[in-house]
Amino acid sequence: QVQLVESGGGLVQPGGSLRLSCAASGTIFRIYTMGWYRQAPGKQRELVAIITNSRSTNYADSVKGRFTISRDNAKNTVDLQMNSLKPEDTAVYYCNVVSGARAYWGQGTQVTVSS
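The structure contained in this document is the topic of the report that follows.

## A look at the state of the cysteines
Here's step 1: Applying the stated criterion to the full structure yields one disulfide.
Here's step 2: Covalent S-S linkage joins Cys 22 and Cys 95, the inter-sulfur distance amounting to 2.1 Å. The chirality of the disulfide connecting Cys 22 with Cys 95 is left-handed, given an S-S dihedral of about -85°. Of this pair, Cys 22 sits in strand 3 (residues 18-26) while Cys 95 sits in strand 9 (residues 91-99), and the two are 73 residues apart along the sequence.
Here's step 3: Residue Cys 22 is classed as buried on the basis of its relative accessible area of 0%.

Next up, the structure:
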């Protein structure tokens with residue numbers, strides 16, 4: 001089984017930056033994709049960014065040019081660099097990892113963008 005531990009969430013002012021990190025541990029043979037999702041109050045969970053094993057990336061239109069996803073295969077970590085943050089980015093952010101035939105989720109970390 002794979003466990004995901006997230007860090008880096010918090011409160012930031014509009015226009016500021018934040019970096020989220022997710023570390024995978026446990027019984028891991030191969031991680032195929034890693035990504036970040038978010039869920040704002042009263043809204044459904046949505047894809048923010050994903051990165052494949054070949055390091056191809058895909059971003060939600062709302063974060064393109066502002067967010068950057070990266071991964072370190074040796075450390076089994078995935079990061080999300082968030083720049084030019086807006087109040088509408090406020091949400092609980094979840095790490096997602098696909099390993100083998102399963103998808104794993106982190107516990108979620110709160111990101112609040114407010115002045």
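## Focus on the packing of aromatic side chains
In this description, an aromatic ring pair is defined by two values, namely the gap between the centres and the angle between the planes.
Here's step 1: If you walk through the whole model with that rule in mind, you get one aromatic pair.
Here's step 2: Directly above the ring of Tyr 94 sits Arg 45, whose terminal nitrogen or CZ lies 3.8 Å from the centroid.
Here's step 3: A cation over an aromatic ring shows up here: Arg 45 above the ring of Trp 105, its NZ or CZ 4.7 Å from the ring centre.

## Observations regarding the side chain of Thr 109
Here's step 1: Within the secondary structure layout, Thr 109 lies in strand 11 (residues 109-113).
Here's step 2: By relative accessible area, which is 12% here, Thr 109 ends up buried.

## Points about the nonpolar core
Here's step 1: Grouped together as the largest cluster of nonpolar side chains are 30 residues, with contacts concentrated most on Trp 36, Leu 80, Met 82 and Tyr 93.
Here's step 2: For this core, the elements supplying multiple residues, two or more each, are strand 1 (2-7), strand 3, strand 4 (31-39), strand 5 (46-52), strand 7 (67-72), strand 8 (77-82), strand 9 and strand 11.
Here's step 3: Apart from the residues lying within four places of it in its own chain, the contact partners of Tyr 93 are Glu 6, Leu 20, Trp 36, Tyr 37, Arg 38, Val 48, Phe 67, Leu 80, Met 82, Gly 108, Thr 109 and Val 111.

Procedures and definitions
- Residues numbered from 1 in each chain as written.
- Predicted model: local features only at pLDDT ≥ 70, side-chain atom pairs only at ≥ 80, totals over all residues.
- Heavy atoms only, no water.
- Disulfide = S-S within 2.5 Å.
- Helix = DSSP H or I, 4+ residues; strand = E, 2+ residues; numbered from the N terminus.
- Buried < 20%, exposed > 50% of the residue type's maximum accessible area, 1.4 Å probe, protein only.
- Phe/Tyr/Trp six-rings, centres within 6.5 Å; stacked < 30°, edge-to-face > 60°.
- Lys NZ or Arg CZ within 6 Å of the ring centre and 35° of its normal.
- Core = buried A, V, L, I, M, F, W, Y, C linked by side-chain atoms within 4.5 Å.
- Contact = heavy atoms within 4.5 Å.

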